[in-house]
Amino acid sequence: MEYVALLRGINVGGKNKVVMSELRKQIAAEGYGNARTYINSGNLVFEADSPRDEVAQTVESVLEGHYPFPIRLALLSGREYLAELSGLPEWWHGDAARRDALFYTRGLDRAHVRERIEAMPLGDEAVHFGENAVFWGKFNEAEFLKTAYHKHLLREDFYRQVTIRSGATVERIASMLSRD
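Conventions and cut-offs
Residues numbered from 1 in each chain as written. Predicted model: local features only at pLDDT ≥ 70, side-chain atom pairs only at ≥ 80, totals over all residues. Heavy atoms only, no water. Helix = DSSP H or I, 4+ residues; strand = E, 2+ residues; numbered from the N terminus. Buried < 20%, exposed > 50% of the residue type's maximum accessible area, 1.4 Å probe, protein only. Contact = heavy atoms within 4.5 Å. Areas by Shrake-Rupley, 256 points an atom, 1.4 Å probe, with all protein chains shown as cover. Lys, Arg positive; Asp, Glu negative; His and termini not counted. Charge placed at Lys NZ, Arg CZ, Asp CG, Glu CD. Pairing = 2+ DSSP bridges. Axes fitted to C-alpha atoms, helices over the stretch in contact; angles between N-to-C directions. Domains from an automatic or database assignment. Buried area = accessible area lost by both parts, 1.4 Å probe. Salt bridge = Lys/Arg side-chain N within 4 Å of Asp/Glu carboxyl O. Polar contact = N/O pair within 3.5 Å; in protein donor to acceptor, adjacent residues only side chain to side chain.

- Going by an unreviewed UniProt entry, the protein carries the name Phosphopentomutase and comes from Pauljensenia hongkongensis.

Spelled out as structure tokens, the structure:
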């Protein structure tokens, strides 16, 4: 089975450095196959025959064993990842100026995230709550600084527990997955 691992807060501004080629080798050393990465922001796709919780614990152990800083992890099966994308609203595929997916990391209280986001005064933007992520579209680039995404999200207590990917990165990861 294919898995998508999304690491939070690595390789940002020269901090929390994780070399993707080393990460692929570390994952392969655990017996996971066909490990591949996309860009330098912690996007990893690989194959494993174990259940998701077991794979997540193994990946977390690898991260803890190799890096002196905490790394939060979102782990989805390839099928879960593709299912999320197949259920997106039309605006996600339209002319949004910016699109981001906020993936829930392990242990995050998803109901709390939803409650907090639903309480935000949305500007020229739309939000879709998926099973494993919140999909957020901003429609007018000139109004971006007035959006709840810009004005409120960073201040939320859960912000350091989601890992954010641009719409283009979300789609690129999907293209790395097999479609069977």
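### Re the overall build of the protein
Consideration 1: What the protein contains, in helices and strands, is seven helices and eight strands.
Consideration 2: Projected onto its principal axes, the C-alpha positions of the protein cover 45 × 35 × 30 Å.
Consideration 3: Scored against the burial criterion, the 180 residues of the protein give a buried share of 48%.
Consideration 4: Considering only contacts within the protein whose residues lie at least 6 apart along the sequence, 71% involve residues at least 24 apart.
Consideration 5: About 9,200 Å² of surface is accessible on the protein, with carbon and sulfur atoms providing 46% of the total.
Consideration 6: For the protein, the centre of its 23 positive side-chain charges and the centre of its 26 negative side-chain charges are spaced 6 Å apart.

### Focus: the sheet that holds strand β4 (residues 73–77)
In sheet architecture, strand pairing relies on hydrogen bonds along the backbone and comes in two forms, parallel and antiparallel.
Consideration 1: Here four strands make up an open sheet; going across it, the order is β2-β3-β1-β4 and the pairing antiparallel. The two strands at the open ends of the sheet, each matched to only one other strand, are β2 (33–38) and β4. Adjacent strand axes in the sheet meet at a mean angle of 20°, parallel and antiparallel pairs treated alike.
Consideration 2: Note that β2 and strand β3 (residues 43–47) share four bridges and pair antiparallel. Bridge pairing links R36 to V45 in β3.
Consideration 3: Along the sheet, helix α1 (residues 20–29) contacts β1 (2–7), β2 and β3; its crossing angle with β2, the most-contacted strand, is approximately 160°.
Consideration 4: Packed on one face of the sheet, helix α2 (residues 52–66) meets β1, β3 and β4 and runs near 145° to β4.

### Points about the pairing of β4
Where a strand is regular, its side chains alternate between the two sheet faces.
Consideration 1: The buried fraction of β4 amounts to five of the five residues, a majority that puts the element mostly inside the structure.
Consideration 2: With burial as the criterion, each face of β4 is covered, one bearing L73, L75 and S77 and the other bearing A74 and L76.
Consideration 3: Pairing analysis gives five bridges linking β1 to β4, with the strands arranged antiparallel. Pairing of L6 across the sheet is with A74, part of β4.

### A closer look at the sheet that holds strand β6 (residues 125–129)
Consideration 1: Ordered in space as β6-β7-β5-β8, the four strands form an open sheet in which the pairing is antiparallel. Of all strands in the sheet, those bounded by a partner on one side alone are β6 and β8 (162–166). Adjacent strand axes in the sheet meet at a mean angle of 20° when their direction is disregarded.
Consideration 2: Sitting on the sheet, helix α7 (residues 167–176) is in contact with β5 (98–104) and β8, with an inclination near 90° to β8.

### Concerning the domain arrangement of the protein
Consideration 1: Taken as a whole, the protein is organised into domain 1 (2–80) and domain 2 (83–176).
Consideration 2: Measuring from the centre of the C-alpha atoms in domain 1 to the corresponding centre in domain 2 gives 22 Å.
Consideration 3: In total, domain 1 and domain 2 occlude about 1,700 Å² of area from one another, counting both sides; carbon and sulfur atoms represent 54% of this.
Consideration 4: The largest share of the area that domain 1 buries against domain 2 comes from R8, Y38 and R72, three residues that together contribute 36% of it.
Consideration 5: Applying the counting criterion to the domain 1 and domain 2 interface returns two salt bridges.
Consideration 6: For the salt bridge of D53 with R106, the shortest nitrogen-to-oxygen distance reads 3.8 Å.
Consideration 7: In this structure, the connection of domain 1 to domain 2 is made through 16 residue pairs in polar contact (both at pLDDT 80 or more).
Consideration 8: Elements with a contribution of two residues or more to the side of domain 1 that touches domain 2: β1, β2, β3, α2, β4 and α3 (78–86).
Consideration 9: By residue number, the principal contributor to the side of domain 1 that touches domain 2 is α2, which donates five residues.

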